[in-house]
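Residue-level structural notes
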Amino acid sequence: MPKWLPINKLFQIRITTCVASILCLIALIQFFASYGQYNYSHLPREHIYNNLYINVNPHLVVKKSIPECKYEEVLQSTKSLSSWEVPKVSDKFSVKDLMNGSYAPETCNPLFSVAILVTYRNRQSQLDVFLPYIHNFLRKQNIHYKIFLVEQQDNKAWNKGMLYNIGVKYAIAEKFPCLILHDVDLLPLDEGNLYACLKQPRHISASIDKFRYVLTYKSLVGGVLAIRADQYVELNGFSNRFTGWGGEDDDFAARIAAHKLDILRFPPELSRYTMIVHPQEAKNTQRHNIMDENKKGMNKDGYDSVEYATVSVKTHRLFTMIGVKL
Ligand code: BGC
Ligand code: MN
């Protein structure tokens, strides 16, 4: 030991090294502990069919000359893409059979009609990847669906809950019995991930690459969620009080629990998603407080109380745009 190093200095160095090593060890243990948690409680594959909410839009013309669509093949599919195989631009895209963002199979009568609501503002590059990808994915599923892009067209703070409440009014006016609330940056990887509602709310994006395919907490319903239109109304939709990023989905999960509904999920091997990389938005630091207030029942706001300045509806081939000024 060099003579000039005092004993207390040496102690300090040792303590610092010890603390640093312990912290590293904890981080390593945590990393490996969560790394293996690909599993969460979910419907067994063989129970999925009986839990499906079979309901078709009364506006859809049923053709007597063709059979009912079958879904076993989709549900039993084990075909999957890995995140890195997802095409970033789709050269294999045709607009065949698409009109206003909606599609119905030609050769059989579907058992499911699904309104897919995508809230959106200023993410053109993600939308350019999302739309062709999701249409290619969904057209293989034998379902009737329609994509509603709900765009916030003002410079006010982002309000995803309000956009869903407004979009859902249009989906319900068009008599869609099942709603899928969908982030624009999430792409499903598993062909067996049937885009249909269950009798109970269904959290679809349970296994996202960004979170190393781990469900980060049990009550998470963010990302992609399927819920029956009647249940959405029963819960009074989303709170209109969350602005910026985060919280509105956790509040929605609390509404689901308060109404004694369950959150169901498909097995992880049917629930994988890749997230299109983007910087994290600033989190709403008030989100926990608002949620606590909402829980106390002081603010029973939601679907029935949403207010907005203007809404315009425009149809495009790949989607119907609900443009909203809040
Ligand atoms: C936010 C949620 C979000 C989740 C994602 C939570 O802290 O409140 O809105 O979906 O994080 O991990
Ligand atoms: Mn995102």
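Residues numbered from 1 in each chain as written. Chains lettered and ligands numbered in written order. Predicted model: local features only at pLDDT ≥ 70, side-chain atom pairs only at ≥ 80, totals over all residues. Heavy atoms only, no water.

**So, the coordination of the manganese ion (ligand 2)**
Selection criterion: Donor criterion used throughout: N, O or S atom within 2.8 Å of the metal, extended to 3.2 Å for Na, K and Ca. Water excluded; incomplete-looking sites may result. Helix and strand definitions here come from DSSP, where helices need a minimum of 4 consecutive H or I residues and strands a minimum of 2 consecutive E residues; each element is numbered from the N-terminal end. Note on classification: 1.4 Å probe, protein chains only; a residue is buried when its accessible area is under 20% of the maximum for its type, exposed when over 50%, partly exposed between these limits.
With distances of 2.0 to 2.6 Å, the protein atoms coordinating the manganese ion (ligand 2) are Asp 185 (OD) and His 278 (NE2). Of this pair, Asp 185 sits in the loop between β4 (178-182) and β5 (186-188) while His 278 is found in the loop between β9 (272-275) and α8 (287-295), placing the two residues 93 residues apart along the sequence. Of the residues examined, Asp 185 reaches a relative accessible area of 5% and is grouped as buried.

**Observations concerning the nonpolar core**
Our working definition: The nonpolar core is taken to be a set of buried Ala, Val, Leu, Ile, Met, Phe, Trp, Tyr and Cys residues, with the residues joined through side-chain atoms within 4.5 Å. Residue contacts follow a heavy-atom distance rule, with two residues in contact if any of their heavy atoms lie within 4.5 Å.
Of all hydrophobic cores here, the largest spans 54 residues; its most connected members are Phe 112, Ile 116, Ile 143, Tyr 145, Ile 180, Leu 194 and Tyr 195. Contributing elements (two or more residues each) for this core: α3 (72-76), β2 (113-120), α4 (124-138), β3 (144-152), β4, β5, β8 (224-228) and β9. A total of 8 residues in this core trace back to one element, the largest contributor, which is α4. Beyond its immediate sequence surroundings of up to four residues, Ile 116 is in contact with Leu 138, Tyr 145, Lys 146, Ile 147, Phe 148, Ile 180, His 182 and Tyr 195.

**Observations concerning α4**
This is how the line gets drawn: A helix's residues, less one, multiplied by 1.5 Å, set its expected span.
Over its 15 residues, α4 extends 21 Å from the first C-alpha to the last, a length consistent with the 21 Å expected when each residue adds 1.5 Å. In terms of burial, α4 is largely enclosed, as 11 of its 15 residues are buried. Residues of α4 that are buried: Gln 126, Leu 127, Val 129, Phe 130, Leu 131, Pro 132, Tyr 133, Ile 134, His 135, Phe 137 and Leu 138. Of the surrounding elements, those touching the buried residues of α4 are β2, β3, β4 and β5.

**Focus on the sheet that holds strand β7 (residues 207-208)**
Rules: In this scheme, strands are said to pair when DSSP sees at least two bridges between them.
With mixed pairing, 3 strands are arranged side by side in an open sheet as β5-β9-β7. Bordering the open sheet on either side are β5 and β7, each of which pairs with just one other strand. Here β7 pairs with β9 via 2 bridges, running parallel. Counterpart to Ser 207 in the pairing with β9 is Arg 272.

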